[in-house]
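# Chain and residue survey
Here is what each chain is made of, one letter per residue.
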Amino acid sequence: MTPLTPWTMAPVASGPWTVAPEPPDSPDARALWTAYYTEVSDRWFRLHRGSDTPPGELARGIAADDGPEQLVAPRGLLLVARLTGRASGMAGLALLEPGTAEVRRVFVHPSARGRRGGSALMAAVDAAAGALGAARLVLDTRHDLVESHRLYERHGFTRTEAYNEGPYAERWYTKRLASAAG
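Please read these numbers as outputs of a predicted model, since none were measured by experiment.

What counts and what doesn't
Residues numbered from 1 in each chain as written. Predicted model: local features only at pLDDT ≥ 70, side-chain atom pairs only at ≥ 80, totals over all residues. Heavy atoms only, no water. Axes fitted to C-alpha atoms, helices over the stretch in contact; angles between N-to-C directions. Helix = DSSP H or I, 4+ residues; strand = E, 2+ residues; numbered from the N terminus. Parallel < 35°, antiparallel > 145°, perpendicular 65-115°, else oblique. Left-handed = near helix turned anticlockwise from the far one by under 90°. Contact = heavy atoms within 4.5 Å. Nonpolar A, V, L, I, M, F, W, Y, C, P; charged D, E, K, R; others polar. Phe/Tyr/Trp six-rings, centres within 6.5 Å; stacked < 30°, edge-to-face > 60°. Buried < 20%, exposed > 50% of the residue type's maximum accessible area, 1.4 Å probe, protein only. pLDDT = per-residue confidence, 0-100. Pairing = 2+ DSSP bridges.

## Overview of the packing of helix α1 (residues 27-49) against helix α2 (residues 55-64)
Where α1 contacts α2, the two axes come as close as 10 Å, and the packing angle between them is 130°. Accordingly, the angle class assigned to the pair α1 and α2 is oblique. Of the two elements, α1 crosses α2, and the hand of that crossing is right-handed. Contacts between α1 and α2 involve Thr34, Tyr37, Thr38, Ser41 and Phe45 from the first element and Glu57, Leu58, Gly61 and Ile62 from the second. Among the residues making up the contact of α1 with α2, the classes are represented as four nonpolar, four polar and one charged.

The following block contains the structure:
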């Protein structure tokens, strides 16, 4: 298996979108991470508590989130999607074991939604996973993130049994990569 580094994957272009690996601590990646975390946290709080995330709790949650550290070479990467040059989406990919990679933190900024950014990210995820030698992708999500369910299913993911016990994991998906099937 070839270790994946930011230098081993060329940018993937899809219409006005370009997707390429980027360090999780870059300013654009941190801004996307904060926007992602704020949105999913606020959605959870609205559903379960009837309000947005309290500001102090949101700040503590973002600071404590170790997700970015898990998305660095050689075990993972963060893909940043740019819409006409502006950082507008992200998706993480992390190796769980040889041949299996986990998709994490797929997000398109609200200002860029409806412009096929999710599809551009999923195509780049497939390319990056293939470069890693992964034959299978897995991911988990929450029940309330219905837009993500539709995105994953449109891109060949099918529901599967739980493969982890994450505190917010409520739905699990898997996908065999086309290059691995042949």
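## Notes on the packing of aromatic side chains
The tally for this structure, following the rule as stated, stands at six aromatic pairs. On the basis of an interplanar angle of 80° and a centroid distance of 6.0 Å, the ring pair of Tyr36 and Phe107 is categorised as edge-to-face. In this pair, Tyr36 sits in helix α1 while Phe107 sits in strand β5 (residues 100-108), placing the two residues 71 residues apart along the sequence. Taking relative accessible area as the criterion, Tyr36 reaches 15% and is therefore assigned buried. Among the residues examined, Phe107 registers a relative accessible area of 4% and is labelled buried. Through a chain of ring-to-ring contacts, the aromatic side chains of Trp33, Tyr36 and Phe107 assemble into a single cluster.

## Topic: unusual backbone geometry
Between Ala73 and Pro74 the backbone carries a cis peptide bond, its omega angle lying at 5°. Of note, Pro74 is situated in the loop between α2 and β3 (76-83). A positive phi angle is found at Thr84, which is not glycine, with a value near 45°. Of note, Thr84 is situated in the loop between β3 and β4 (86-97). For Arg116, which is not a glycine, the phi torsion comes out positive at approximately 70°. Within the secondary structure, Arg116 sits in the loop between β5 and α3 (117-132).

## A few points about the confidence of the model for the chain
Mean pLDDT over the chain stands at 89; residues scoring 70 or higher make up 92%. This model gives residues 1-7 a pLDDT under 50, and the stretch forms 16 contacts once residues within four places in sequence are excluded.

## Some words on the sheet that holds strand β7 (residues 158-160)
Reading across from one edge, β1-β2-β3-β4-β5-β6-β8-β7 is the order of the eight strands in this open sheet, with mixed pairing throughout. Lying at the two open borders of the sheet, with one neighbouring strand each, are β1 (12-14) and β7. Strand-to-strand twist of the sheet, defined as the mean angle between neighbouring strand axes without regard to direction, takes the value 30°. By the bridge criterion, five bridges tie strand β2 (residues 17-21) to β3 in an arrangement that is antiparallel. Residue pairing in the sheet places Pro21 in a bridge with Leu79 of β3. Taken strand by strand, α3 contacts β1, β2, β3, β4, β5, β6 (136-141) and β8 (171-176), and its axis lies near 35° from that of β4.

## Looking at the pairing of β2
Taking burial as the measure, the five residues of β2 include four buried ones, the bulk of the element. Relative to β2, β1 is paired through three bridges, and the arrangement is antiparallel. Each residue of the ladder has a partner; that of Val12, found in β2, is Val19. In textbook terms, the turn of a hairpin is the stretch between consecutive antiparallel strands, and for β1 and β2 this stretch comprises two residues, one of which, Gly15, has a positive phi near 60°.

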